[in-house]
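As a plain string of letters, each chain reads:
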Amino acid sequence: MILRHTACRKAVAGLNNPLLKHSGHRATDELSHGGGKASSTLASRPPPRPSSSSGTTVPYVSPYASISESQKQRKDQDRDFLVSVLETSVTRRDAKTYMNRFVPFLKKKTSSFKQRTAVQTSPSGRSTALGPADILSNTIETSNGVLQASPKSEQDLVIEEPLFVALVKIHAPATLDDATFDGVAKTLSRLRKLGLVSIVVVDGDVDGKDEITQRRTATEQARRIATAIDNHDSPGARVIDPPITIGQNNGLNGLPASPFTSNDLFIENPSELMTALQDDLIAIIPSLGYTADTCARKPVNVNDAILALTRQLSGLQFLQIPDEEIPGTKVLRAAEVYRIIIIDPLGGIPARNRATGRHLFLNLEHEFKEVQADLGGSTDQDLSQEARDKARHLANAKLAKDALSLLPPTSSVIITTPQEAAKERMPEDDLVDIALVGTRRGKNPLIHSLLSDKPVQSSSLPTERFTRITSSTGTCQIGSLTTLAKRGMPLTIFPDPQTTAWKPPQAGQSSLCLTDPRIDLPRLVHLIEDSFGRKLDVEHYLKRVNGNLAGIIIAGEYEGGAILTWEVPPGTTDPSRRVPYLDKFAVLRKSQGAGGVADIVFNAMVRDCFPEGVCWRSRKDNPVNKWYFERSRGTFKIADMNWTMFWTTPRMELVGQRFRDYEAVCRGVEPSWADKKHIVD
């Protein structure tokens, strides 16, 4: 099944487009290694570099440049790379997580696939050097010296070392200028240095154009991005023949389309793709596929192509094949798709109720319906530019949701603009470092998210803490143009603020309590004790908060949560002076610093539950205080006590009654720990 159309595909590829093979794979290589009759002069002559689609000649670095000049270029590249990594400013926990995942793989990757396969021992006992053309065609030498094809089995396609892969979608690459294109290529090369190898699917969809134009555009832009990558760092990139097969079935037995079904588009012959990955090459795939019945090459939807590759690489490609053709079903997991990258001029997913105008962090499990509501509503007959942009945003969000449903929870999706993806430190930055004290330059979101697994700017920051930027259209806005999407987790809030606003309890009105059957009290207690590392005096705590409970927020399966109360300042019974107080904010230790659990809970608190503000306190030596400082609108160190008070209330006056009530509550709340060590505070 896998190799059914291999010969047909190669013949069609050669007839339809003899230039599909990237110029980095020289014809002289095929002559010298395949036939052995090419002259040494011809084989050593460097090929001409192709021009970009805009007509501008891509600069070519001659292999005959002086050693000192070559070393200088390499030194400058290494310096820029190290600076871009150091400027990410990751926390110790983030750095440890990245190193545990990627550093063992980078150590094992000391020799490339070419070095491992450059010398093969023939049956006659002679060592035979295989060139790129031989490796791609899977040739072997027999005992009589004749080269014969040896198709790879599925076992050969499994990568022995752990390989982390990014699937990259580039929308409308023909509209990008050479400088932006070059910056994107440099970023992809740097991601490879950091352990994340990219598979780039080039979108050739051109509005209103025929299939021939779409095929030509996809192929030209694939070669263009491969050439740009080759200009930066070895081993470069390779344009491969699309491994995508267009099935004959539309859906599975009449059932609705699903990201888990493989009948419309599937990967039939992944050998060339796997070879490129083993060779540490960035694979470039035009958004084309071959029909299953006639082997005709046709354009395919780039989002469907990304999903097909996700299924194949994750070992989740299940085809509906007659029983007599396959004796059994085998799951082949080739690599771990760690990241999906969507590079689109529209940028991240818009949001109506965000000061930034878009989602910086998207919890798909909880917020996808909100995205659908914000971007849906337009009809197919609506041809306005705004309607088309909304439809494309929604398609990107749906691609993120469908792809992450196939991947482990550690995977994520980055949706960004080409300009953001091309961000890098410029030489002139050295001249203005003094003027930028206390200010961070724009970070590259792809590198930052790989090292920290977080968005460039936290979604839970107050509006005034966001950096102002200029979008690709020239408009000024706050926050980043990039969205980091994760599968996330459901969010449960009692009472639901969408139906019942959180207000102080009235006389004679029943209020929520922690013994409510909807709340799993033992799991809630475990969450608090695991997060704080202390035993809770449950009986004392229930007596203190019951009757004053404002609500509770639970993230996922009690992976994070917050308990909020209405506290009465000393010396008053006026219900209008009740203080909204964050009594407990807890995240399981295994989830701290990962998955955005803390941001999910905090955002729900300040956006949905207490939009007018809330206060809380923390020990002055609490290491979490840096996180609290960034997200609060004000802080105050309480005199004669080991507490720092925080609040999110806008325009708080430090001499007003509300401030005095906040301070009185933070002074008077009695802790409920079983060890009684709160006396020190």
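Provided above is the structure to which this section pertains.
Source: prediction; values computed, not measured. For every chain, the first residue of the written sequence is number 1, and numbering continues from 1 along that sequence. Predicted model: local features are reported for residues with pLDDT of at least 70 only, side-chain atom pairs are reported and counted for 80 or more only, and whole-chain, interface and lining totals are derived from all residues. The side-chain figures draw on all heavy atoms in the structure; neither hydrogens nor water molecules are used.

Peer 1: Describe unusual backbone geometry, and please don't skip the residues or the numbers.
Peer 2: Following F494, the chain continues to P495 via a peptide bond in cis, the omega torsion being -15 degrees. A run of DSSP states H or I qualifies as a helix once it reaches four residues; a run of E qualifies as a strand once it reaches two. Both are numbered from the N-terminal end. You can see P495 is positioned in the loop between β19 (491–494) and α17 (521–532). Its identity is not glycine, yet A172 carries a phi of approximately 50 degrees, on the positive side. Looking at the element boundaries, A172 is found in the loop between β5 (164–170) and α9 (178–193). Even without glycine at this site, D453 takes up a positive phi of about 60 degrees. Along the chain, D453 falls in the loop between α16 (445–452) and β16 (468–470). Summary of the burial criterion: residues with accessible area below 20% of their type's maximum are buried, those above 50% are exposed, and those between are partly exposed, where the area comes from a 1.4 Å probe applied to protein chains only. The class for D453 is buried, based on a relative accessible area of 17%.

Peer 1: Please set out the packing of aromatic side chains residue by residue, giving values where relevant.
Peer 2: To pair, rings of Phe, Tyr and Trp, with the six-membered ring standing in for Trp, must have centres within 6.5 Å; the planes then decide the type, stacked if under 30 degrees apart, edge-to-face if over 60, and tilted in the middle. Following the criterion strictly, the structure yields 15 aromatic pairs and no others. Taking 6.0 Å as the distance between ring centres and 70 degrees as the angle between the ring planes, the aromatic pair formed by W627 and Y628 counts as edge-to-face. Overall, Y628 belongs to the buried group, its relative accessible area being 9%. Plain terms: the ring middles of W647 and F659 are 5.8 Å apart, the flat faces sit at 80 degrees to each other, and that makes the pair edge-to-face. Separated by 12 residues along the polypeptide, W647 in strand β25 (residues 643–647) and F659 in helix α21 (residues 657–668) bring together distant segments of the chain. Classification of W647 by relative accessible area gives buried; the value is 4%. Assessed through its relative accessible area of 5%, F659 is described here as buried. Grouped by ring-pair contacts, the aromatic residues F585, F602, W616, W627, Y628, F629 and F646 constitute a single cluster. Counted as over-ring charges are cases with an Arg CZ or a Lys NZ within 6 Å of the ring centre that also lie within 35 degrees of the ring normal. Here the guanidinium or amino end of K401 rests over the ring plane of F368, the centre of that ring lying 5.5 Å away. The cationic tip of R617 hangs over the ring face of W643; the distance from NZ or CZ to the ring centre is 3.9 Å.

Peer 1: So what's going on with the pattern of salt bridges? Residues and values would help.
Peer 2: Salt bridges are counted wherever a side-chain nitrogen of Lys or Arg sits within 4 Å of a carboxyl oxygen of Asp or Glu. Taken as a whole and judged by the stated rule, the model has 26 salt bridges. The closest approach of N and O atoms between E370 and R354, which form a salt bridge, is 3.5 Å. Of this pair, E370 sits in helix α13 (residues 364–375) while R354 sits in the loop between β13 (336–343) and β14 (361–363), and the two are 16 residues apart along the sequence. Judged by relative accessible area, which is 11%, R354 ranks as buried. Salt-bridge contacts for R631 lead to E630; the nearest nitrogen and oxygen are separated by 3.1 Å. R631 gets classed as buried once you look at its relative accessible area, which sits at 5%.

Peer 1: Would you mind going over the sheet that holds β14 in detail, with residue names and values included?
Peer 2: Strand pairing in a sheet is mediated by backbone hydrogen bonds. Such pairs are either parallel or antiparallel. Pairing in this open sheet of 8 strands is mixed, and the strands run β7-β10-β6-β5-β13-β15-β18-β14 from one edge to the other. Sheet topology places β7 (237–239) and β14 at the edges, where each strand pairs with a single neighbour. Neighbour-to-neighbour, the strand axes of this sheet turn through a mean angle of 20 degrees, independent of strand direction. The pairing criterion is simple: DSSP has to find at least two bridges between the two strands. Summarising the sheet, β5 and β13 pair through 7 bridges and their orientation is parallel. Paired with V165 across the two strands is V337, which belongs to β13. Think of each axis as a best-fit line through the C-alpha atoms, taken over the contacting stretch in the case of a helix, with angles from 0 to 180 degrees between the N-to-C directions.

Peer 1: Go over the pairing of strand β24 (residues 634–637) with me, naming the residues and quoting the values.
Peer 2: Bridging between β24 and β25 involves 4 bridges; their strand directions are antiparallel. Its bridge partner being in β25, K637 is matched across the sheet by T644. Taken together, β24 and the strand that follows it, β25, pair antiparallel across an intervening segment of 5 residues, in which D640 is found at a positive phi of about 65 degrees.

Peer 1: Run through the sheet that holds strand β9 (residues 265–267), naming residues and quoting values.
Peer 2: Taken in spatial order, the 4 strands make up an open sheet running β9-β8-β11-β12, and their pairing is mixed. Two strands close off the open sheet at either side, each with one partner strand: β9 and β12 (297–299). Neighbour-to-neighbour, the strand axes of the sheet open up by a mean angle of 45 degrees, direction not taken into account. Pairing analysis gives 2 bridges linking strand β8 (residues 244–246) to strand β11 (residues 288–291), with the strands arranged parallel. When the bridges of β11 are listed, T245 appears paired with Y290. Across the face of the sheet, helix α10 (residues 211–230) comes into contact with β11 and β12 while running at roughly 85 degrees to β12. Any two residues whose heavy atoms approach within 4.5 Å are treated as being in contact. Sitting on the sheet, helix α12 (residues 302–313) is in contact with β8 and β9, with an inclination near 40 degrees to β9.

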